[in-house]
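Listed below are the residues making up each chain.
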Amino acid sequence: MRLGHITILVNDYDEAIAYYTQKLGFTLIEDTQLTEEKRWVIVAPEGSGNTGLLLAKAVNEAQKASIGNQTGGRVFLFLYTPDFWLTYKSLQRQNVDFAEEPRLESYGWVVVFQDLYGNKWDLLEDRE
């Protein structure tokens, strides 16, 4: 088995694509029109293999209410980097919204940031 894609609810496909590709540096893997209003959109950071974020446009009130809070306020996703400080400074230049200052934990450097919808992410140095 392997983990495929992780769905993240978004307000708008194009604004989400722009954020993840331009601010976080992800690659647009696929953008396929399925119906007049539904697209299959996958973005992923380099080195993710076959796992990516499936950007899903919220279509009803329950989905819209979950945008930015898919985990009830907890950190949702973990983004590993081989060079914490290089990535951190790059994201700062892109005006990524950091929720705290970087901190050194027993497992390495970490900082929480929020994406354009308020979902919390951990940026972590990959020590493997």
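Residues numbered from 1 in each chain as written. Predicted model: local features only at pLDDT ≥ 70, side-chain atom pairs only at ≥ 80, totals over all residues. Heavy atoms only, no water.

### Quick look at unusual backbone geometry
Part 1 of the reasoning: Positive phi values are uncommon outside glycine, yet Asn95 reaches one of about 60°.
Part 2 of the reasoning: Within the secondary structure layout, Asn95 lies in the loop between α3 (84–93) and β6 (97–98).
Part 3 of the reasoning: Of the residues examined, Asn95 reaches a relative accessible area of 62% and is grouped as exposed. (Helix = DSSP H or I, 4+ residues; strand = E, 2+ residues; numbered from the N terminus. Buried < 20%, exposed > 50% of the residue type's maximum accessible area, 1.4 Å probe, protein only.)

### Some thoughts on the domain arrangement of the protein
Part 1 of the reasoning: According to the domain assignment, the protein consists of domain 1 (1–67) and domain 2 (69–127).
Part 2 of the reasoning: Between the C-alpha centres of domain 1 and domain 2 there is a distance of 19 Å.
Part 3 of the reasoning: Domain 1 puts 19 residues into the contact, and the matching count from domain 2 is 16 residues.
Part 4 of the reasoning: Contact with domain 2 buries surface across domain 1, with Tyr19, Lys23 and Leu24 losing the most and accounting together for 36% of the total.
Part 5 of the reasoning: Counting the contacts that link domain 1 with domain 2 gives 0 salt bridges.
Part 6 of the reasoning: Counting across the domain 1 and domain 2 interface gives 8 residue pairs in polar contact (both at pLDDT 80 or more).
Part 7 of the reasoning: Contributions of two or more residues to the side of domain 1 that touches domain 2 are made by β1 (5–10) and α1 (13–23).
Part 8 of the reasoning: With 6 residues, the single largest contributor to the side of domain 1 that touches domain 2 is α1.
Part 9 of the reasoning: Classifying every residue of the side of domain 1 that touches domain 2 by side-chain character gives 12 nonpolar, 4 polar and 3 charged. (Domains from an automatic or database assignment. Contact = heavy atoms within 4.5 Å. Buried area = accessible area lost by both parts, 1.4 Å probe. Salt bridge = Lys/Arg side-chain N within 4 Å of Asp/Glu carboxyl O. Polar contact = N/O pair within 3.5 Å; in protein donor to acceptor, adjacent residues only side chain to side chain. Nonpolar A, V, L, I, M, F, W, Y, C, P; charged D, E, K, R; others polar.)

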